Amino acid sequence: MTRPQPPKGVIFDMDGVLIDSAEAHRRAWAQLGDEVGIPFTAERFQQTFGQRNASIIPAWIADASPQRIDELGERKETIYRDLVRGGAIRIYDRVPQIFGELRQHGAKVAIASSGPAANISLVIEILGAASMLDAVVTAEDVSHGKPDPEVFLVAASRLGLAPSVCAVIEDSVHGIEAAKRAGMLAVAVLTSTTRGELEAAGADVLLPEVGAFAADSAS
């Protein structure tokens, strides 16, 4: 059997892949709920985690105007960034070292996330990883959220690579579906979603965490 060619580009999601940020996001939503007097429950958080604020807020506050949705979304992200600065996230093992290892093996590296640009920039700053990245794509760069493949296709374009030679590392069903729809190798990490759900979404490879992704697989 012919050994599959290693990817020439590796595209990382952020939340749940590079950092464990779920608790920070949950706390941010809970604080926002306290501020507006409408509880944001743990159940609602579980159901909506990974979605865009523009989808979460109207389902939570049905009569919110577009302007109010924007204001609440920005407030939630401000709270989240304050929590991040206070150390509320956990960086997964071998991040960002894995970026440098991949580039040493000839692969280009990108982060492609549905998160706001300010959030992504803050985490990259905390990681000290700016010089190790060839491209970054955020919510402001795309019109459609996952499982639409746009965020990964934009990343591949910015890397100057065809989608077929790129791998995506994701933790969510929607992320794996987006990777497959983009025509990329879909690598799933078992940090937030069950093995069965990720396999059903089409994951090509399953790993316990991102640190288990071997740099020489991208040589």
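Scroll up to find the structure this text is about.
What you see is a predicted model, and the numbers here were worked out from it, not measured in a lab.

Asks: Now, about the pattern of salt bridges: what can you tell me, with residues and values included?
Replies: The tally for this structure, following the rule as stated, stands at 13 salt bridges. Note that Arg-26 and Glu-23 form a salt bridge whose closest N and O atoms lie 2.7 Å from each other. With Arg-26 and Glu-23 both in helix H1 (residues 22-36) and 3 residues apart, the pair spans about one turn of that helix. Its relative accessible area of 31% is what places Arg-26 among the partly exposed residues. On the accessibility criterion, Glu-23 (40% relative accessible area) is partly exposed. For Glu-101, the salt bridge goes to Arg-94, with nearest N and O atoms at 2.1 Å. Residues joined by salt bridges that share partners form a network here, namely Asp-13, Lys-146 and Glu-170.

Asks: I'd love a proper account of the packing of helix H3 (residues 53-60) against helix H4 (residues 66-85), names of residues and values included.
Replies: The geometry of H3 relative to H4 is characterised by a closest axis approach of 10 Å and an angle of 110° between their N-to-C directions. Viewed along their axes, H3 and H4 adopt a mutual orientation that is roughly perpendicular. Here H3 and H4 pass one another in a crossing that is right-handed. Counting all contacts with H3, which are made through Asn-53, Ala-54, Ile-57 and Pro-58, the residues of H4 involved are Ile-69, Leu-72, Gly-73, Lys-76 and Glu-77. Tallied by class, the residues present in the contact of H3 with H4 amount to 5 nonpolar, 2 polar and 2 charged.

Asks: For the packing of aromatic side chains, give the residues involved together with the corresponding values.
Replies: Applying the stated criterion across every chain, the model contains 4 aromatic pairs. Taking the centre distance of 4.6 Å and the plane angle of 15° together, the rings of Trp-29 and Phe-40 count as stacked. Of this pair, Trp-29 sits in helix H1 while Phe-40 sits in the loop between H1 and helix H2 (42-48), and the two are 11 residues apart along the sequence. In this structure Phe-40 comes out as buried when scored by relative accessible area, which is 8%. When the centroid spacing of 5.0 Å and the interplanar angle of 80° are considered together, the rings of Phe-40 and Trp-60 count as edge-to-face. Highlighted residues: Phe-40 in the loop between H1 and H2 and Trp-60 in helix H3, separated in sequence by 20 residues. Of the two residues, Phe-40 and Trp-60, both sit in the buried class. Here a set of aromatic residues connected by ring pairs shows up, and it is made of Trp-29, Phe-40 and Trp-60. One cation-aromatic arrangement involves Lys-76 over Tyr-80; the distance from NZ or CZ to the ring centre is 5.2 Å.

About the criteria used
- Residues numbered from 1 in each chain as written.
- Predicted model: local features only at pLDDT ≥ 70, side-chain atom pairs only at ≥ 80, totals over all residues.
- Heavy atoms only, no water.
- Salt bridge = Lys/Arg side-chain N within 4 Å of Asp/Glu carboxyl O.
- Helix = DSSP H or I, 4+ residues; strand = E, 2+ residues; numbered from the N terminus.
- Buried < 20%, exposed > 50% of the residue type's maximum accessible area, 1.4 Å probe, protein only.
- Axes fitted to C-alpha atoms, helices over the stretch in contact; angles between N-to-C directions.
- Parallel < 35°, antiparallel > 145°, perpendicular 65-115°, else oblique.
- Left-handed = near helix turned anticlockwise from the far one by under 90°.
- Contact = heavy atoms within 4.5 Å.
- Nonpolar A, V, L, I, M, F, W, Y, C, P; charged D, E, K, R; others polar.
- Phe/Tyr/Trp six-rings, centres within 6.5 Å; stacked < 30°, edge-to-face > 60°.
- Lys NZ or Arg CZ within 6 Å of the ring centre and 35° of its normal.

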